[in-house]
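# Observations on the three-dimensional arrangement
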Amino acid sequence: MGDFDAIRRFADEATVEPEACARARAHALELGADPISAPVGAQCAVIAAAANALNIVEIGTGGGVSGLWLLHGSPRATLTTIDNEPEHLAAARRAFADAKIPPARARFIAGRAADVLPRMNEASYDIVLVDADPESVIEYVEHGLRLVRAGGTVLIPRVLAGGAVADPVRRDHVTTLYRSLIQETQASPAVLGALSIVGEGLLQLTTVAADRAH
């Protein structure tokens with residue numbers, strides 16, 4: 001094991017996952033869902049806490065794991081979670097109930113994000129997490145940037161595509177999409193972007209006010 005692998009393994013093992021998140025993860029994996037890792041969840045929680053987020057949207061429930069992490073960071077927030085897999089949405093609902101999240105703090109929407117997102121109010125959310133349908137990631141991120149307020153943040157896990165984005169030989173569609181997303185947003189004056197390589201990777205995009213974008 002190289003030094004980099006050892007560091008990533010240490011970061012994974014050092015992350016303490018709240019019990020509710022761990023239970024939700026176990027159930028999600030039984031369903032075949034692919035929830036975000038604990039290190040990425042912890043980063044999302046820190047970002048939610050730092051933003052004092054009150055309105056959060058997530059695209060893809062991960063069986064409730066990502067939502068629980070976000071609410072762990074910002075306990076007063078209201079979360080809207082969108083998923084077109086009824087079983088995953090039901091698992092998230094159970095996970096939230098098990099964690100004693102008040103029903104008024106969670107809204108569950110069944111359907112395709114491509115159909116739901118255009119109907120949501122722009123500049124109304126503090127955080128949007130994009131964790132569904134990699135082939136539509138750029139479309140979802142564009143919606144996310146429209147939905148967040150000035151200074152709001154869009155979070156995109158899995159952007160490293162298992163390390164494939166760093167390999168110039170890899171030209172498959174999903175890898176190319178993630179690679180383009182990282183490169184284009186890093187060069188954009190409209191957002192402040194940061195790429196974390198812990199876990200499966202997390203791209204963080206915070207919108208900037210128009211007077212700062214020039």
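Look up: the structure comes first, before these words.
Helix and strand counts for the protein chain stand at eight helices and seven strands. Since a compact globule built from 214 residues should have a radius of gyration of about 17 Å, the 16 Å found for the protein chain is in line with a globular shape. For the C-alpha atoms alone, the extent of the protein chain along its principal axes is close to 45 × 45 × 30 Å. The proportion of buried residues among the 214 residues of the protein chain is 49%.

Moving on to the sheet that holds strand β4 (residues 125-130). With mixed pairing, seven strands are arranged side by side in an open sheet as β3-β2-β1-β4-β5-β7-β6. Among the strands making up the open sheet, the edge pair consists of β3 (106-110) and β6 (191-196). Strand-to-strand twist of the sheet, defined as the mean angle between neighbouring strand axes without regard to direction, takes the value 15°. With six bridges connecting them, β6 and strand β7 (residues 202-207) associate as antiparallel partners.

Here we take up a negative patch on the surface. A surface patch of negative charge is lined by Asp133, Glu135, Glu139 and Glu142. Tracing the sequence through the fold places Glu142 in helix α7 (residues 137-147). The exposure class assigned to Glu142 is exposed, which follows from its relative accessible area of 53%.

Residues Cys44, Ile56, Leu68, Leu70, Phe96, Ile127 and Leu155 are the most contacted members of the largest nonpolar core, which totals 30 residues. When contributions to this core are tallied by element, the ones reaching two or more residues are α2 (19-31), α3 (38-51), α4 (65-73), α5 (86-98), β3 and β4. Looking at this core, the element that brings in the most residues is α3, giving six residues. Excluding its chain neighbours within four sequence positions, the residues that come into contact with Leu70 are Cys44, Ala48, Ile56, Glu58, Leu79, Ile127, Leu129 and Leu155.

This brings us to the pairing of β3. Sheet analysis places strand β2 (residues 78-83) next to β3, joined by five bridges and oriented parallel. What sits directly across from Ile82, in β3, is Ile109.

Once that is clear, we can look at the state of the cysteines. Under the criterion given, the structure shown has zero disulfides. A disulfide-free cysteine, Cys21 has its sulfur positioned 11 Å from the sulfur of Cys44, the nearest such atom. With relative accessibility at 2%, the residue Cys21 sits in the buried group.

On to the environment of Arg149. Tracing the sequence through the fold places Arg149 in strand β5 (residues 148-157). A sequence separation of 57 residues divides Arg149 from Thr206, and the C-alpha atoms of the two residues are 9.5 Å apart. Discounting chain neighbours no more than four positions away, the residues touching Arg149 are Ala51, Ala123, Ser124, Tyr125, Asp126 and Thr207.

Looking now at the packing of α3 against α4. Two elements in contact, α3 and α4, have axes separated by 7 Å at closest approach and are oriented at 40°. What the angle tells us is that α3 and α4 run oblique. Crossing of α3 against α4: the hand is right-handed. On α4, the residues touching Ala38, Gly41, Ala42, Cys44, Ala45, Ala48 and Ala49 of α3 are Trp69, Leu70, His72 and Gly73. Among the residues forming the contact of α3 with α4, the class breakdown is eight nonpolar, three polar and no charged.

Reading the values: the criteria
Residues numbered from 1 in each chain as written. Predicted model: local features only at pLDDT ≥ 70, side-chain atom pairs only at ≥ 80, totals over all residues. Heavy atoms only, no water. Helix = DSSP H or I, 4+ residues; strand = E, 2+ residues; numbered from the N terminus. Rg over C-alpha atoms; globule rule 2.2 N^0.38 Å. Buried < 20%, exposed > 50% of the residue type's maximum accessible area, 1.4 Å probe, protein only. Pairing = 2+ DSSP bridges. Axes fitted to C-alpha atoms, helices over the stretch in contact; angles between N-to-C directions. Patch = residues over 30% accessible without salt bridge, like charges linked within 9 Å, V, L, I, M, F, W, Y side chains within 5 Å. Areas by Shrake-Rupley, 256 points an atom, 1.4 Å probe, with all protein chains shown as cover. Salt bridge = Lys/Arg side-chain N within 4 Å of Asp/Glu carboxyl O. Lys, Arg positive; Asp, Glu negative; His and termini not counted. Charge placed at Lys NZ, Arg CZ, Asp CG, Glu CD. Core = buried A, V, L, I, M, F, W, Y, C linked by side-chain atoms within 4.5 Å. Contact = heavy atoms within 4.5 Å. Disulfide = S-S within 2.5 Å. Parallel < 35°, antiparallel > 145°, perpendicular 65-115°, else oblique. Left-handed = near helix turned anticlockwise from the far one by under 90°. Nonpolar A, V, L, I, M, F, W, Y, C, P; charged D, E, K, R; others polar.

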